Amino acid sequence: MQQPTRILVVGASGFCGNGVLDTLAKDSSMNVWAHVRPESNSLESMKTRCTNLGHSLLVCPIEDLPAQIETIQPQIIGSFIGTTKKKMKPEGLSYEDVDYGINQLLISAAKTLEHQPLFIYTSSMGVEWHKWSPYLKARYLVETDLKDSNLPHIILRPGILSGPTRTEHRPLEHLGAVFSTGLATIADSIGWVSKGDGMRVLNAQQIGTLVHLLIEQWLKQNKSSEHIQTLMVQDIHRILRERNTT
């Protein structure tokens, strides 16, 4: 009997992470560990969610993740870490400390495994403008480290992430989502579907569906060590659209 695929989800309590947990729960061929920090405000709710979804909850400080990765031996590491200035300010942290620092730790730990795990990283559109934004700079640094790591990897560069499962109040994000959706609708109406794809909003369920599809693709390729993809927002929507028409 084929052994289940071992997957570690970091950033599991966040917007994208929750969508991934929901989707992977529908696939019995995957064993999922959802990481949560001991001090997280989401710890209790995540205990309930993981129990209901059939996932394992991994509770440990960030600095203990390398040891846990060595123990779990995940075949796939999904990083869906995201934070805001509001959250970081009380702790005196920066995007480079969180978005880059944690992912650097994960990439380094993944490289020590005898097998080569697939590393899925949620970056951002606009990374080419990293010189003008600390947020984008941190994402750029992670992408650079991942590309230099020789690990099989998939980099996702979505546009605006929004939807009913977003628990944080982000008024600017909401306005941006409304504006982008309007532009995408106009583009669709005149037959510019591909251009509309570049402005469409992604919700958590779509991210979860995408990640599941990409994992299945990698497994069908017999866990190829040469598997490298960078998916722009247009690519993401094209893949999702093709999935819905097959």
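Above: the structure in question.
The paragraphs below set out a description of the structure included in this document.

Procedures and definitions
Residues numbered from 1 in each chain as written. Predicted model: local features only at pLDDT ≥ 70, side-chain atom pairs only at ≥ 80, totals over all residues. Heavy atoms only, no water. Helix = DSSP H or I, 4+ residues; strand = E, 2+ residues; numbered from the N terminus. Buried < 20%, exposed > 50% of the residue type's maximum accessible area, 1.4 Å probe, protein only. Contact = heavy atoms within 4.5 Å. Areas by Shrake-Rupley, 256 points an atom, 1.4 Å probe, with all protein chains shown as cover. Core = buried A, V, L, I, M, F, W, Y, C linked by side-chain atoms within 4.5 Å. Pairing = 2+ DSSP bridges. Right-handed = clockwise from strand over helix to strand, strands pointing away. Axes fitted to C-alpha atoms, helices over the stretch in contact; angles between N-to-C directions. Parallel < 35°, antiparallel > 145°, perpendicular 65-115°, else oblique. Nonpolar A, V, L, I, M, F, W, Y, C, P; charged D, E, K, R; others polar. Arc of directions from axis to C-beta. Salt bridge = Lys/Arg side-chain N within 4 Å of Asp/Glu carboxyl O.

1. Brief notes about the overall build of the protein chain
Item 1. Summing up its helical and strand segments, the protein chain has 10 helices and seven strands in all.
Item 2. Looking at the 246 residues of the protein chain, the share that counts as buried comes to 47%.
Item 3. A sequence separation of at least 24 residues applies to 70% of the contacts in the protein chain between residues at least 6 apart.
Item 4. Split by element, the accessible area of the protein chain, about 13,000 Å² in all, is 53% carbon and sulfur.

2. Focus: the nonpolar core
Item 1. Judged by nonpolar contacts, the single largest core of 34 residues is most densely connected at Ile7, Val9, Ile120, Leu156, Val211 and Ile215.
Item 2. Counting residues per element, the ones that place at least two in this core are strand S1 (5–10), helix H1 (15–24), strand S2 (30–36), helix H2 (43–53), strand S5 (118–122), strand S6 (153–157), helix H9 (204–220) and helix H10 (233–244).
Item 3. With seven residues, the top contributor of residues to this core is H9.
Item 4. In this structure, valine 211 is in contact with Val20, Phe80, Ile120 and Leu156, ignoring residues within four places of it in sequence.
Item 5. With 26 residues, the next largest nonpolar core counts Cys60, Leu106, Ala110 and Leu151 among its residues.

3. A look at unusual backbone geometry
Item 1. Not every positive phi belongs to a glycine, and asparagine 150 is a case in point at roughly 70°.
Item 2. Topologically, asparagine 150 is positioned in the loop between helix H6 (134–148) and S6.
Item 3. Accessibility expressed as a relative area gives 61% for asparagine 150, which makes it exposed.
Item 4. Look at asparagine 222: it is not a glycine, yet its phi comes out positive at around 60°.

4. Considerations on the pairing of S2
Item 1. Most of S2 sits out of view: five of its seven residues are buried.
Item 2. Alignment of S1 against S2, held across five bridges, turns out to be parallel. Each residue of the ladder has a partner; that of isoleucine 7, found in S2, is valine 32.
Item 3. In this region the chain leaves S1, passes through H1 and returns to the parallel neighbour S2; the handedness of that crossover is right-handed.
Item 4. When S2 meets strand S3 (residues 56–59), the two strands line up parallel, connected through four bridges.

5. What about the packing of H9 against H10?
Item 1. Two numbers describe how H9 lies on H10: the axes approach to 10 Å, and their chain directions differ by 80°. Here H9 is positioned roughly perpendicular relative to H10, judged by the angle of their axes. Only Ile236, Ile239, Leu240 and Arg243 of H10 make contact with H9, whose side of the interface consists of Gln206, Thr209, Leu210 and Leu213.
Item 2. Here the residues of the contact of H9 with H10 sort into five nonpolar, two polar and one charged.

6. Structural notes on helix H3 (residues 65–72)
Item 1. Taken together, the buried positions of H3 are occupied by Leu65, Ile69 and Ile72. Relative to the axis of H3, the buried residues are bounded by an arc of 75° and lie together on one face.

7. Remarks on the pattern of salt bridges
When the charged atoms of two side chains lie near each other, side chains of opposite charge can form a pair.
Item 1. For the coordinates displayed, the defined rule picks out nine salt bridges.
Item 2. Across the pair arginine 157 and glutamate 143 runs a salt bridge, and its minimum N-O distance is 2.7 Å. Here the residue arginine 157 occupies a position in strand S6, and glutamate 143 occupies one in helix H6, the gap between them amounting to 14 residues. Across the pair, glutamate 143 and arginine 157 agree in class, each one buried.
Item 3. For the salt bridge of arginine 238 with aspartate 235, the shortest nitrogen-to-oxygen distance reads 3.7 Å. Here aspartate 235 and arginine 238 lie together in helix H10, a separation of three residues that amounts to about one turn.
Item 4. Residues joined by salt bridges that share partners form a network here, namely Glu128, Glu143, Lys147 and Arg157.

8. Some remarks on the sheet that holds S3
Item 1. Sheet architecture is open: seven strands sit in the order S3-S2-S1-S4-S5-S6-S7, paired in parallel fashion. Each end of this open sheet is capped by a strand with a single partner; those strands are S3 and strand S7 (228–232). Across this sheet, the average inter-strand angle for adjacent strands is 15°, counted without regard to direction.
Item 2. Alignment of S1 against strand S4 (residues 76–79), held across four bridges, turns out to be parallel. Across the sheet, residue valine 9 finds its bridge partner in S4, namely glycine 78.
Item 3. Here H6 sits on the sheet in contact with S5, S6 and S7, set at roughly 160° to S6.

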